[in-house]
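Take a look at the letters that make up each chain.
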Amino acid sequence: MNVLLTGGCGFIGSNLVRLLLAERPEWRIVNLDKLTYAGNAENLADLAGNPRHRFVRGDICNGELIADLFRTEKIEAVMHLAAESHVDRSILSPSVFIETNVRGTQVLLEAAREFGVQRFLHVSTDEVYGSLGPTGLFTELTPLDPSSPYSASKASSDLLALAYAHTFKLPVVVTRCSNNYGPWQFPEKLIPLMIANAVRDLPLPVYGDGLNVRDWIHVEDHARGLLAALERGVPGQVYNFGAASERHNIDIVKLVLTLTGKPESLIKYVTDRLGHDRRYAIDAAKATRELGWAPRHQFERALAETVRWYQANRAWWERIISGEYLKYYAQQYGTKS
Ligand code: NAD
Ligand code: TDX
């Protein structure tokens, strides 16, 4: 099968490209990525020369380029991951989130409609459901109630994708996953940021009281879920993915300090994120039941492996947190007290 995979040079995309090449030897992957600050061709450097992977640098908003790829590569399925993905950046500069996440998704849906595909997998997030109180879980029937410009842009793209399924019978499958961690994650997100700061003896900035809850899943478990949803998902349906690993942010930060052998005095409580969602927690029973999927990684063990990966790959993350990232870091954390 010829698959157009968008955002393949990002965190989840690069892990997914590797998984697909290993697990589906007859597939060819066309990886379309703009290489924004978050995309890094180095994430897939080991695939150079692999005839089953073609990297194309380009923007999902470029309809002509997309049409050309569908035509020349005979695309049969789309796995759409490209997005602006960081909540804090969406609070600082929302516009690019609308452009890429909403308009870019519509451009891809339109091309898929024109050329025809067997499946269009739209990769979304649990953040579209908004924030939970102290109890309860998100199911696929939980109403959408996004809080940030990021989650609102993802919810908008979900609705567009489902509308193309309903109106045009495009075989769209939507997935919504909880917070991912693992190798190749850009160190602006909680876990890699805390690891990178801890190993350099820099302060670990905890928003608010540190008691917000996220439900963590290893990126490889998410990638396996995406493959299952592509192959076995029913068009027009939504599938949640999560690994039943709810943790308070502060407990993760303390665990990172233990794993890196650094003192808790590095913890710095800073001004809270605007509109900060309190709790996310996923009910993934539908994916288990209908896709035959289940997570394999245990959080504490896999977090320890992740810390070791960042320690071993320091050159990778030190290179990407230079330049543009330093400006963002000063803007995001410089004035927080
Ligand atoms: P990421 O920021 O690491 O990677 C995004 C990739 O998309 C980058 O390689 C970037 O260069 C590319 N990109 C951005 N704008 C583009 C454009 N206009 N055209 C082409 N490429 C573009 O993100 P991620 O964490 O790997 O997330 C991937 C997808 O999974 C996103 O859709 C995100 O909403 C979703 N998701 C992420 C998580 C998570 O915890 N990280 C959880 C659930 C869902
Ligand atoms: O410096 C920080 N300090 C801090 O306390 C950062 C970066 C985060 N936090 C908190 C905010 C959140 O409660 O940690 C939690 C996790 O933050 P992020 O890593 O920014 O993730 P989150 O906002 O939960 O969104 C993530 O999960 C869903 C991804 O970034 C999204 O792309 C995905 O859709």
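In this text the structure is predicted, and so the values were computed from the model without any measurement.

**Student:** Outline the packing of aromatic side chains, supporting the account with residue identities and numerical values.
**Tutor:** Applying the stated criterion across every chain, the model contains 19 aromatic pairs. Note on Phe241 and Trp293: the rings are 4.8 Å apart at their centroids and 65° apart in plane angle, and the pair reads as edge-to-face. Of the two residues, Phe241 sits in strand S10 (residues 238-241) while Trp293 sits in the loop between helix H9 (285-291) and helix H10 (299-312), which places them 52 residues apart along the sequence. The two residues Phe241 and Trp293 agree in class, both being buried.

**Student:** Let's hear about the sheet that holds strand S6 (residues 172-177): which residues, and what values?
**Tutor:** Working definition: the strands of a sheet are paired by backbone hydrogen bonds and lie parallel or antiparallel to each other. Taking strand neighbours across the sheet as the criterion, the 7 strands line up as S3-S2-S1-S4-S5-S6-S10 in an open arrangement whose pairing is parallel. The open sheet has two free edges, formed respectively by strand S3 (53-57) and S10, since each of these has just one partner strand. Along the sheet, successive strands turn relative to each other by an average axial angle of 20°, direction set aside. Strand direction decides the pairing type here: strand S1 (residues 2-6) and strand S4 (residues 77-80), joined by 4 bridges, are parallel. Paired with Thr6 across the two strands is His80, which belongs to S4. Lying over the sheet, helix H2 (residues 63-73) contacts S1, strand S2 (28-33), S3 and S4, oriented at roughly 170° with respect to S2. Those strands touched by helix H4 (residues 95-115) are S1, S4, strand S5 (119-125) and S6, and its axis lies near 165° from that of S5.

**Student:** Would you mind going over the domain arrangement of the protein in detail, with residue names and values included?
**Tutor:** The domain architecture assigned to the protein consists of domain 1 (2-180 + 217-241) and domain 2 (184-214 + 244-274 + 298-327). At the interface, 19 residues of domain 1 touch 17 residues of domain 2. Between domain 1 and domain 2 lies a buried interface of about 1,600 Å² when both sides are counted; carbon and sulfur atoms form 46% of it. The interface formed by domain 1 and domain 2 includes 4 salt bridges. Taken together, the connections running from domain 1 to domain 2 amount to 10 residue pairs in polar contact (both at pLDDT 80 or more). Where the side of domain 1 that touches domain 2 is concerned, the elements lending two or more residues are helix H1 (11-23), helix H3 (87-92) and strand S7 (179-181). A class-by-class count of the residues in the side of domain 1 that touches domain 2 yields 6 nonpolar, 9 polar and 4 charged.

**Student:** Explain the pattern of salt bridges to me, using residue names and the numbers behind them.
**Tutor:** Opposite charge on two side chains allows them to pair when their charged atoms are near. Taken as a whole, this structure holds 20 salt bridges when the rule is applied. Where Glu99 meets Arg103, a salt bridge forms, and the shortest distance between an N and an O atom there is 3.1 Å. Placement of both Glu99 and Arg103 in helix H4 is noted, with a separation of 4 residues, approximately one turn of the helix. For Arg247, the salt bridge goes to Glu300, with nearest N and O atoms at 2.9 Å. Taken together, the residues span a long stretch of sequence, with Arg247 in strand S11 (residues 246-248) and Glu300 in helix H10 at a distance of 53 residues. The partly exposed category is assigned to Arg247, whose relative accessible area is 22%. Relative accessible area serves as the criterion here: at 31%, Glu300 is assigned to the partly exposed category. Members of the salt-bridge network, linked through shared partners, are Glu23, Glu220 and Arg224.

Procedures and definitions
Residues numbered from 1 in each chain as written. Chains lettered and ligands numbered in written order. Predicted model: local features only at pLDDT ≥ 70, side-chain atom pairs only at ≥ 80, totals over all residues. Heavy atoms only, no water. Phe/Tyr/Trp six-rings, centres within 6.5 Å; stacked < 30°, edge-to-face > 60°. Helix = DSSP H or I, 4+ residues; strand = E, 2+ residues; numbered from the N terminus. Buried < 20%, exposed > 50% of the residue type's maximum accessible area, 1.4 Å probe, protein only. Pairing = 2+ DSSP bridges. Axes fitted to C-alpha atoms, helices over the stretch in contact; angles between N-to-C directions. Contact = heavy atoms within 4.5 Å. Domains from an automatic or database assignment. Buried area = accessible area lost by both parts, 1.4 Å probe. Salt bridge = Lys/Arg side-chain N within 4 Å of Asp/Glu carboxyl O. Polar contact = N/O pair within 3.5 Å; in protein donor to acceptor, adjacent residues only side chain to side chain. Nonpolar A, V, L, I, M, F, W, Y, C, P; charged D, E, K, R; others polar.

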